[in-house]
Every structure is written in C-alpha cells, then in structure tokens.
Amino acid sequence: MKNLLVTGGAGFIGSNFTRFMLRMYPEYTVVVYDKLTYAGNLDNLKDVAEDFAGRYAFVQGDICDAGLVRATLLEHNVDTIVNFAAATHVDRSLMEPDEFIRTDVLGTYVLLEAVRELGLERYHQVSTDEVYGQVLEGRADETAPLHTRSPYSASKAGGDLLCLSYHASFDVPVTITRGSNNIGPYQYPEKVIPLFVTNAIDDLPLPLYGDGRQMRDYQYVLDHCEGLAVVLQRGRPGEIYNVGTAVETRNVDMARSILEILGKPQSLIQPVKDRPGHDRRYAIDVDKLGALGWESRHTFAEALEKTVRWYVENEWWWRPIKSGEHYQDYYKAQYAERLEGSSA
Ligand code: NAD
Ligand code: DAU
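Everything numeric here is computed off the predicted structure, so don't read it as measured data.

Thresholds applied
- Starting from 1, residues in each chain are numbered consecutively following that chain's sequence as written.
- Chains carry letters from A onward and ligands carry numbers from 1 onward, assigned in written order.
- For this predicted model, a pLDDT threshold of at least 70 governs which residues receive local features, and a threshold of 80 or more governs which side-chain atom pairs are given and counted, while totals over whole chains, interfaces and linings are taken from all residues.
- For side-chain calculations, the full set of non-hydrogen atoms in the structure is used, while hydrogens and water are omitted.
- Here the term buried applies to any residue with accessible area under 20% of the maximum for its type, exposed to any over 50%, and partly exposed to those in between, with areas from a 1.4 Å probe on protein chains only.
- By definition, any uninterrupted DSSP run of H or I lasting at least four residues is a helix, any uninterrupted run of E lasting at least two residues is a strand, and each is numbered from the N terminus.
- For two strands to count as paired, DSSP must find a minimum of two bridges between them.
- Here, axes are lines fitted to C-alpha atoms. For helices the fit covers the stretch in contact, and angles between N-to-C directions go from 0 to 180 degrees.
- Whether a crossing is left-handed or right-handed is set by the direction in which the near helix is turned from the far one by less than a right angle, anticlockwise for left-handed and clockwise for right-handed.
- In this description, contact between two residues means that some pair of their heavy atoms is separated by no more than 4.5 Å.
- Lys, Arg, Asp and Glu make up the charged group, whereas Ala, Val, Leu, Ile, Met, Phe, Trp, Tyr, Cys and Pro make up the nonpolar group; the residues left over, Gly among them, are polar.

Draft legend 1. Region of interest: the pairing of strand 4 (residues 80–83). Burial of the side chains of strand 4 extends over both faces: T80 and V82 are buried on one face and I81 and N83 on the other. Bridge count for strand 1 (residues 3–7) against strand 4 is four bridges, and the pairing is parallel. Across the sheet, residue L4 finds its bridge partner in strand 4, namely T80. Taken together, the four bridges between strand 4 and strand 5 (residues 122–128) define a ladder with parallel strand orientation. The residue of strand 5 that forms the bridge with V82 is H124.

What follows is the structure, encoded as structure tokens:
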C-alpha cells in the first residue's frame, strides 16, 4: 500500500490524516478526493499542498460519481482507498436526512464497486461508535449489535454493512474502524467542542442540550489517525476495530473545562432544548486495536487543552466560516429559538 485515495480528505479528520500520513510515510502519495461541501475546506490542506507538493494531489469530486472515481483511481495508480467522505453532523441529519443516505450509503457502495472492479489492495471505511447506539452500561466491543437512532448513525451503519457484505460476497479486502468523538484542529464549528470554544472566545452562550449529562469519549484527532494507520498496516481484512480512549466525559463537565481553560465565566453555559433522540452515552471497548500495538496518547484534559489553544491561535481559520452566510443560516435554524426560550 502506498498510493492512497483519501476521500473526504478536505474535512476535519481527513485533512489531519492526510498530513499525518505524508509526514510519517515518505514513500506514500496521497490524492484527496472531496466534493467540498460546506464542511470541506481547502484551507485545511493549505500547508499540505505547500509542504508535500510532489506527493499530494487534490481532485474535486463526489464519491457518488462512479465515472470520476474510477478515472481518478486509474490516473493516480491508487492501491488503497481510505473513506472519510460523509455527511457527519447528527443535528443536520435530523433536518435533512437525504444527503446522509446518499453519501454515507450510496457513496460507500460506489467506492466498493470501484475497489472490486479494479482489484485494489485495500478499502478502509472510517466509521463511528454511533452505530452501536447509546450504551447505557458497560462498553460496546466490535461484536455488539447495531442500535442506531439517528439518520446519521443509521446511514453510517448502512455503509458498514455494505463493506462487510462486499468482503463476504466478493472477497473485497475491507477494514472498518469505529471511532469515538474526535477533537483537534480544523473541526467545523458546528460540532460541540469547536462551537463552544469559539463561542466562549466571543463571550457568546454555550448552548448545552438537555441536562448536559450525556457522555462522550473525546479523543485527540491524531490519536485516531495513528489508529487508522495501524489498521491499514496490521489490520485483517473483514475486521472491525474500535478507536477511542475508553474514558467518557459528561457534556457539562466538558463545557466547564473549556471555560476554565479560557478564563471565562461559567455563566456562559446555557441549558437549551434537547436534541431529539439524543444518545445519552457512547462507550467502546478498544482492546482489539490495543492488541495490534496501538494506544491513545492524549488524555481528555491534554486533548482539550491543545484543541482550545489551536482555536485561540487560529482565528484566521474559523472566523471566515462563522461569519459566512451558510453558517449563519444554520446557526439561526438550530439555535435561535433554543437560545431565546432557553432553560431546557
Ligand atoms: P467532516 O464533516 O469534517 O468532513 C467530511 C468531508 O467529506 C468534507 O470534506 C466533505 O466535503 C466531504 N464530503 C461530503 N460528502 C461528500 C461526497 N458525496 N463526496 C465527496 N466528498 C464528500 O467530517 P469528519 O468529522 O472529518 O468525519 C470524517 C469521517 O469520520 C466521517 O465518515 C465520519 O462519519 C467519521 N467519524 C467522525 C468522527 C468525529 O468525531 N468527527 C468520529 C468517528 C468517525
Ligand atoms: O461519536 C462519534 C461521532 O461524534 C461522529 O460519528 C460524528 O460525526 C460527530 O459529529 C460526533 O457526534 P456527536 O453527536 O456525539 O457530536 P456533537 O459534537 O454534535 O455533540 C457532542 C455532544 O454534545 C452530544 O451529546 C450533543 C451535545 N451538544 C452538541 C451541540 C452541537 C450540545 O450539548 N450542544 C450543542 O450545541
């Protein structure tokens, strides 16, 4: 494996992964293939385009476009696809599920067909711990049943099942990872941590859904990327690997920590109407990936500190996004009523 097609590589995790792989593996080339939806941003890859000019290329395209996918794979002699491309925000999946089903299910199918036809060495699907649904007690390992509850998680589960079916039926060499919540540089500020950090910097309220006692396993994005590299090198085709820290934090505690790091008043936390179908807890067992020699390097406190510092130091990146029309419209639709009425 050395010529990678990173689909969705202009998004948050895909851009971090692209930079990580080009730094770690001097013999690798990476083609980022991305539709550039509202979440895709070439600013995320600005330094990559400069630092790795000979080993990096960008193609703007939709993973549902079978012709362009095939042509790109052939033109760049790709041997491995790592698929990050997806519609990813749970709240948006409640507003407009169609794009989730199209990209996360149909798009995955188009990529799998191309891998099958061209006989590529590996297809890796970047999936999520959300496919297990809420885990109220204990932890979900890779054999746990799928109990999805949002259009986002259901679409991702659909993609996972297609991958497994292509392995079983056609011997396509697929691997799947199911990661917990990532945090770090270049995360679109609709996701809770960049939203809360950037709002707090501007003394705006932090809209905390419901009672704030929902729990998430927040991991540093580069730890996740390292896990993906381990699975690419040592993972077995047909297998699923969970990636996360196996430590969960309550949303209210996460919000308090952000305000503490920034030296802002706790009164900025504003309880608001809950997300419909809000999963109370995700919790995964990560021993299977641990057995391949991987471990998470950052605690939640370390990951959060680094992340907050990055947003403080990189206003050039997020201010244009937040002041843009697309973001403003979304923010109004998602929060105007909640923040007006307030108190969950
Ligand atoms: P993101 O929303 O930041 O980026 C998604 C990228 O995919 C964008 O660049 C977008 O332009 C591109 N894209 C969307 N539809 C496309 C299409 N039809 N064709 C081509 N490109 C398209 O997402 P992210 O947070 O970086 O997540 C990346 C992947 O990791 C997703 O598959 C997501 O389900 C998974 N994941 C995310 C997390 C997390 O905490 N963010 C955790 C576990 C798994
Ligand atoms: O678990 C992995 C998943 O993590 C990924 O697959 C998804 O792509 C990613 O979006 C993320 O999903 P979540 O729904 O967990 O992330 P989000 O950042 O939207 O919310 C995290 C928690 O914070 C969740 O319990 C809801 C809460 N929240 C979120 C927002 C946006 C709030 O309290 N207020 C908010 O304004």
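Draft legend 2. Up close: the packing of helix 1 (residues 12–24) against helix 8 (residues 221–234). Interhelical geometry of helix 1 versus helix 8 gives an angle of 65° and a closest axis separation of 9 Å. With respect to the hand of their crossing, helix 1 and helix 8 are arranged in right-handed fashion. Residue-level inspection shows F12, I13, N16, F17, F20 and M21 of helix 1 in contact with helix 8, the latter providing V221, L222, H224, C225, E226, L228, A229 and L232. Counted by class, the contact of helix 1 with helix 8 contains 11 nonpolar, two polar and one charged residues.

Draft legend 3. Structural context of the sheet that holds strand 3 (residues 56–60). Taking strand neighbours across the sheet as the criterion, the seven strands line up as 3-2-1-4-5-6-11 in an open arrangement whose pairing is parallel. Edge positions in the sheet fall to strand 3 and strand 11 (240–243), since each has one partner strand and no second. Shown here is a sheet whose adjacent strand axes are inclined to one another by a mean of 20°, direction ignored. Sheet topology places strand 2 (residues 29–34) next to strand 3; five bridges connect them, and they run parallel. Across the sheet, the residue bridging to V30 is Y56, located in strand 3. Seen against the sheet, helix 1 touches strand 1, strand 2, strand 3 and strand 4 and runs at an angle of roughly 165° to strand 1. Along the sheet face, helix 3 (residues 66–75) touches strand 1, strand 2, strand 3 and strand 4 and points at about 170° away from the line of strand 2.

Just geometry here; none of it tells us what the structure is for.
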